[in-house]
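Coordinates in review
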Amino acid sequence: MSGQKTSRRVRIFKNRDYLSSKIIPEELPHREKEFNQIWENFEYILEGSTPSNLIIFGPTGSGKTVTVKKVLESIKREAEAEGIDVPIGYAVAERTEMMTLVSICEDLGIGVPKTGLSFYEVKKRLLEHLSGRKAIIVVDEVDKLILQNKGIDLLYFLTRDPNICVVGISNVVTLLDNLIDKRVKSSWNPRKIVFDPYNADQMFDILKYRANKAFYEGVVGDEVLRYVSAIAVQRGGDTRYALDLLMMAGDLAKRSGEERVNINHVKKAIDELEVGFLVKTVKSLSNPEKALLFVITEAKRNGKYLSPEVAYTLANVVLSNISNQTLSHRRWSDYRGSLELLGYIGLFREGLGRGKGWHHYIKLNDTIDAYVVYKTLEEDFMSYMGTEEYHVMLRNVLNGIARSARKWQLKL
Ligand SMILES: Nc1ncnc2c1ncn2[C@@H]1O[C@H](COP(=O)(O)OP(=O)(O)O)[C@@H](O)[C@H]1O
Ligand SMILES: [Mg+2]
């Protein structure tokens with residue numbers, strides 16, 4: 001009996017890994033130009049010169065990481081073939097510059113303990129390891145280090161060294177305007193390479209290529225790939241999202257015992273990913289971001305908008321409960337900025353009448369599911385405090401929302 005079941009098992013995936021970001025595919029359709037641009041620059045290291053510093057911009061899922069990694073791989077291969085020793089370090093920026101530096105060291109194969117060493121000491125070990133050789137160091141998602149001015153020492157240290165080619169990758173195109181430190185600005189001075197978002201035809205080609213490797217023949221038709229491409233392009237050309245959708249749609253088809261992936265599987269996958277994605281990203285926010293988002297979400301759930309000042313005051317009520325601190329309105333406005341950047345909230349204004357100026361309000365973006373955010377934060381907050389404390393806090397916040405909305409005579 002069980003043998004029969006196995007033989008009837010639906011065969012959907014040939015190699016499911018081909019839909020994940022873990023593998024670097026052999027080909028990168030529609031990124032040949034960018035690949036060559038980066039390769040031509042890095043190639044100088046094989047001639048014994050330091051390649052130009054780079055900053056690589058492009059929206060999420062436009063292939064920045066995979067393209068750079070592929071160029072690095074091929075430089076390594078080339079260097080090996082020519083018997084040249086080229087240290088190459090790649091790291092995704094971490095919460096602090098110390099963690100980022102440690103991560104770079106680890107990638108270079110330098111053993112450093114996670115804690116216990118000073119920044120200075122780790123820097124010294126890195127320089128000892130490089131010992132004057134030409135090197136390439138890539139910091140992915142470098143905006144994490146620049147936007148809150150947290151990575152200046154690290155960037156200065158790396159860029160000041162004439163033997164290190166420093167490459168940043170980011171989806172924040174205005175990043176260099178945010179780099180206020182003059183020293184870093186002039187010592188880094190990177191060349192810009194921009195990855196444009198994929199259009200629907202390009203996305204289709206990419207998905208077709210990946211799907212051919214991932215699924216058995218005939219499992220995913222072109223109409224499904226066209227559909228997924230269109231959705232992903234609406235989302236700013238995010239290939240990762242497209243691949244996630246295909247994987248989830250394949251899982252759903254398999255679960256229901258069907259032999260082909262159809263559009264309905266994709267539609268279900270969209271719903272499943274939406275919630276999962278939101279929960280994951282909300283959980284990864286900092287405490288102040290969570291506190292502010294919570295207040296704005298609760299306002300929305302009660303049909304109201306808050307001015308920034310009231311939102312900050314109420315966010316302090318939440319923050320003091322989860323981490324025993326409060327922040328100035330100035331600091332809060334930075335966190336408001338980062339929530340805006342992440343697409344959770346927006347600021348809008350309402351005229352007070354001719355020549356009388358404006359009221360500003362913060363609102364949760366319509367694309368964000370308020371209920372999911374609320375449930376996620378509620379669960380998260382309850383892990384910091386008791387249920388009873390949580391409800392006291394919630395009541396205070398709700399009272400605050402009701403009070404201030406009345407005061408401003410908002411149209412509800
Ligand atoms: N041109 C392409 N061909 C094949 N796969 C691609 C291409 N561009 C992106 N991908 C895949 O899409 C996903 C997201 O790409 P990634 O490089 O992580 O994007 P970014 O770093 O710009 O956010 C990865 O799984 C990557 O392999
Ligand atoms: Mg990336």
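As the structure is a computational prediction, the values presented were derived from the model and not from experiment. (Residues numbered from 1 in each chain as written. Chains lettered and ligands numbered in written order. Predicted model: local features only at pLDDT ≥ 70, side-chain atom pairs only at ≥ 80, totals over all residues. Heavy atoms only, no water.)

A short note on the site of ligand 1
- Neighbouring ligand 1 are 19 residues, the closest being P29, G61, T65, R210 and R240.
- P29 is positioned such that a nitrogen or oxygen atom in its backbone is 2.7 Å from a nitrogen atom of ligand 1.
- A distance of 2.7 Å separates a nitrogen atom of ligand 1 from a polar side-chain atom of Y198.
- Coverage of ligand 1 by the protein chains reaches 96% of its 560 Å² of free accessible surface.
- Counting only elements with at least two residues in the shell around ligand 1, the list comes to α3 (64–81), α10 (200–214) and α12 (239–255). (Near = heavy atom within 4 Å. Polar contact = N/O pair within 3.5 Å; in protein donor to acceptor, adjacent residues only side chain to side chain. Areas by Shrake-Rupley, 256 points an atom, 1.4 Å probe, with all protein chains shown as cover. Helix = DSSP H or I, 4+ residues; strand = E, 2+ residues; numbered from the N terminus.)

Focus: the environment of F277
- Considering the arrangement of structural elements, one finds F277 in helix α13 (residues 263–283).
- Separated by 36 residues in sequence, F277 and Y241 have C-alpha atoms that sit 10.0 Å apart.

Re the nonpolar core
- Formed by 40 residues in total, the largest nonpolar core has its most connected members in L293, F294, W332, Y344 and F381.
- Breaking this core down by element, the ones donating at least two residues are α13, α14 (287–301), α15 (308–323), α16 (329–341), β7 (358–364), α17 (370–382) and α18 (387–407).
- Ranked by residue count, the leading element in this core is α15, at eight residues.
- Not counting residues within four places of it along the chain, the set of residues in contact with F294 comprises V318, Y374, L377, F381, Y390, M393 and L394.
- Counting residues in each nonpolar core, the second largest holds 35 residues, with L101, I137, L145 and L175 among its members. (Core = buried A, V, L, I, M, F, W, Y, C linked by side-chain atoms within 4.5 Å. Buried < 20%, exposed > 50% of the residue type's maximum accessible area, 1.4 Å probe, protein only. Contact = heavy atoms within 4.5 Å.)

Focus: the packing of aromatic side chains
- For the structure on display, the rule yields seven aromatic pairs.
- Between W332 and Y335 the ring centres are 6.2 Å apart and the planes differ by 65°, which places this aromatic pair in the edge-to-face class. Here Y335 and W332 lie together in helix α16, a separation of three residues that amounts to about one turn.
- The exposure class assigned to W332 is buried, which follows from its relative accessible area of 0%.
- Residue Y335 is classed as buried on the basis of its relative accessible area of 14%. (Phe/Tyr/Trp six-rings, centres within 6.5 Å; stacked < 30°, edge-to-face > 60°.)

Let's talk about the state of the cysteines
- By the definition in use, this model includes zero disulfides.
- In this structure C105 is not part of a disulfide, and its nearest cysteine sulfur, from C165, lies 17 Å away.
- For C165, a relative accessible area of 0% corresponds to the buried category. (Disulfide = S-S within 2.5 Å.)

Here we look at the packing of α13 against α17
- Where α13 meets α17, the axes come as close as 10 Å, and the angle between the chain directions of the two elements is 45°. With respect to α17, the element α13 is oriented oblique. The two elements α13 and α17 meet at a crossing, and its hand is right-handed. Residue-level contacts link V275, L278, V279, V282 and K283 of α13 to V372, V373, T376 and L377 of α17.
- Residue composition of the contact of α13 with α17, grouped by class: seven nonpolar, one polar and one charged. (Axes fitted to C-alpha atoms, helices over the stretch in contact; angles between N-to-C directions. Parallel < 35°, antiparallel > 145°, perpendicular 65-115°, else oblique. Left-handed = near helix turned anticlockwise from the far one by under 90°. Nonpolar A, V, L, I, M, F, W, Y, C, P; charged D, E, K, R; others polar.)

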